[in-house]
Amino acid sequence: MPSTTPRLATLLCLVGLTGATGSAAAGPTSLQPAGWDADIRLAEATDLNPDPRIVEVNLDARVAEVEIAPGLRVSSWTYNGGLPGPLIRANVGDRLIVRFSNKLPKPTTVHWHGVRVPIEMDGVPGNSQPEVETGQSFTYDFIVPDAGLFWYHPHVMSAAQVGFGLYGALLVEDPEERIGVADQLVLVLSDIAVDDGGLLEDPESGGPAGMVFGREGNHVLVNGREGSRLVARNGAPQRWRIANTSKSRHFQLELDGIIFTTIGGDGGLQEYPEQRDRLVLAAGERADVILTPRPSSSPGGLVLRSIPFDRGYGSTEYRDISELVAIEMADLPPYAAPPLARVARHIEPLSQAGATRVAIDLTLAQLRNGEFEYGFNGIPFSKEQPIEARIGETQLWTVTNKTKWSHPLHLHGFFFQVVDDHGDPVRPLAWKDTVNIPYERTLRLLVRFDDRPGNWMVHCHILDHADGGLMGTVRLRGDGVEPARPVHRHR
Ligand code: C2O
Ligand code: CU
């Protein structure tokens, strides 16, 4: 019974904590039947370090066969042989050590999406580390400064490598947080393009038009599977942390009219909850939601679906609704849940006083040779002039999408706040690292650069668009620290 020891340790720890603080609450207990999430639960990385404040894991990238649907086996690119990669869990403030080795036929790196790492740990070849060649290793070692759901993926040939299956979730929890919902799931949403024989599709499929649109996979996956199942008790709330790790696809989630109460997003909890009957996640974004499953009167029962979302020209025509998770009602009496606690977080709005104004147009050009090129202000990544920034500087970015497709813009290493046309914060306040810039619209973002000089990427998280030129660099200079010119090579 090897699992007894850690459980016992956790129990003792809880008892100890309760005794020491005199607090009565040891946290809510599960309301779901045993095994409710067995079909869908992510594999977790094993923490090899006995120090409670250090999480140390091994991570291998390698080709491995995975089953994405009953009988459909695919040789995908994986972390530790699984699709998605293992869930890595830590508490806020912990040190995370990841001993990474590359057993793929191509070079790669690991980027920690949304984590405010030092530049040396950001996983971008040329800016923070060399590529990790086949057979080589690299140790990622940093503090996780923020609670929230983050994710990891390569930053070399990103569209191809993410499309082949390289992504996983990093859940950073705050033990002080009191949400009042014991039953939690981490859902990694993605898709993969495979033919009927289970072969991965060519990442260049569809040629330039495929790049311009952004290639979506033909199998839509939740935690690496099609047709996942979940058992739920009528009336008992669940907390879902959701990451969209697909390389192009937006998800628009719907659960038979059941309300999603969003309590947070990319950078942890938001100012106050919001209720919606649909939840949209662009590629790269995360959501933290509470929902209460109820029996459905529709013939198929309660099903989590993704509705085609209008992300631009050609994105909704002839598109099917994807059935993501079938939720079966447990054979238990309905639970009469007390009203949920109102989960709030104080977030200081960033002041725009003295903010440097930066205008970024997202553009698409057709070149004389017929090829297409995305760019910032008409300039593709290969020829970019970095956005210059100084430590402590606040910048107000006005991002205008002049193309016919929406672009989830992602900034490495820093969170930003979205502000409205008048520069007032959009409420509820939230920290974002990825935000959808709808086609033919303008969004304004406020960002403050802290004390981590370096070259930080900013790009569309439709990874075909990033490869197609929609990528740039923020060159953050410190006093006396001059980051090298960014290296412009194909990621
Ligand atoms: Cu999630 Cu530059 O990436
Ligand atoms: Cu894009």
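Residues numbered from 1 in each chain as written. Chains lettered and ligands numbered in written order. Predicted model: local features only at pLDDT ≥ 70, side-chain atom pairs only at ≥ 80, totals over all residues. Heavy atoms only, no water.

Draft legend 1. Quick peek at the coordination of the copper ion (ligand 2). For the copper ion (ligand 2), the full set of protein donor atoms is His 407 (ND1), Cys 460 (SG) and His 465 (ND1), at a range of 2.0 Å. On the basis of relative accessible area, His 407 is assigned to the buried category, the value being 0%. On the basis of relative accessible area, Cys 460 is assigned to the buried category, the value being 0%. (Donors = N, O, S within 2.8 Å, 3.2 Å for Na, K, Ca; no water. Buried < 20%, exposed > 50% of the residue type's maximum accessible area, 1.4 Å probe, protein only.)

Draft legend 2. Region of the structure containing the sheet that holds strand β11 (residues 228–232). With respect to topology, five strands assemble into an open sheet ordered β11-β19-β18-β13-β16, the strand pairing being mixed. The sheet is open, and its two borders are formed by β11 and β16 (279–281), each paired with just one other strand. Going across the sheet, the axis of each strand differs from the next one's by a mean of 25 degrees, ignoring polarity. Here three bridges tie strand β13 (residues 251–254) to β16, and the two strands are oriented antiparallel to one another. The residue of β16 that forms the bridge with Gln 252 is Val 280. (Pairing = 2+ DSSP bridges. Helix = DSSP H or I, 4+ residues; strand = E, 2+ residues; numbered from the N terminus. Axes fitted to C-alpha atoms, helices over the stretch in contact; angles between N-to-C directions.)

Draft legend 3. Representation of a negative patch on the surface. Judged by side-chain charge, Asp 195, Asp 196, Glu 201, Asp 202 and Glu 204 come together as a negatively charged surface patch. Turning to its location among the elements, Asp 195 is positioned in the loop between β9 (184–192) and α3 (207–213). (Patch = residues over 30% accessible without salt bridge, like charges linked within 9 Å, V, L, I, M, F, W, Y side chains within 5 Å. Areas by Shrake-Rupley, 256 points an atom, 1.4 Å probe, with all protein chains shown as cover. Salt bridge = Lys/Arg side-chain N within 4 Å of Asp/Glu carboxyl O. Lys, Arg positive; Asp, Glu negative; His and termini not counted. Charge placed at Lys NZ, Arg CZ, Asp CG, Glu CD.)

Draft legend 4. Structural context of the side chain of Lys 432. Mapped onto the elements of the fold, Lys 432 is located in the loop between β25 (416–419) and β26 (434–437). The class of Lys 432 is buried, set by a relative accessible area of 14%. Among the polar contacts listed, one links the side chain of Lys 432 to the side chain of Glu 285, at a separation of 2.6 Å. Separated by 3.1 Å, the side chain of Lys 432 and the backbone oxygen of Thr 434 make a polar contact. Not counting the four nearest positions on each side in its chain, Lys 432 is found in contact with Asp 266, Glu 285, Phe 414, Phe 415, Phe 416 and Val 418. (Polar contact = N/O pair within 3.5 Å; in protein donor to acceptor, adjacent residues only side chain to side chain. Contact = heavy atoms within 4.5 Å.)

Draft legend 5. Layout of the pattern of salt bridges. Scanning the entire structure with this criterion turns up 38 salt bridges. As a salt-bridge pair, Asp 266 and Lys 432 come within 3.3 Å of each other at their nearest N and O atoms. Of the two residues, Asp 266 is situated in the loop between β14 (260–265) and β15 (268–276) and Lys 432 in the loop between β25 and β26; the sequence distance between them amounts to 166 residues. One connected set of salt bridges, linked through shared partners, spans Glu 44, Arg 89, Glu 173, Glu 177, Arg 239, Arg 241 and Asp 288.

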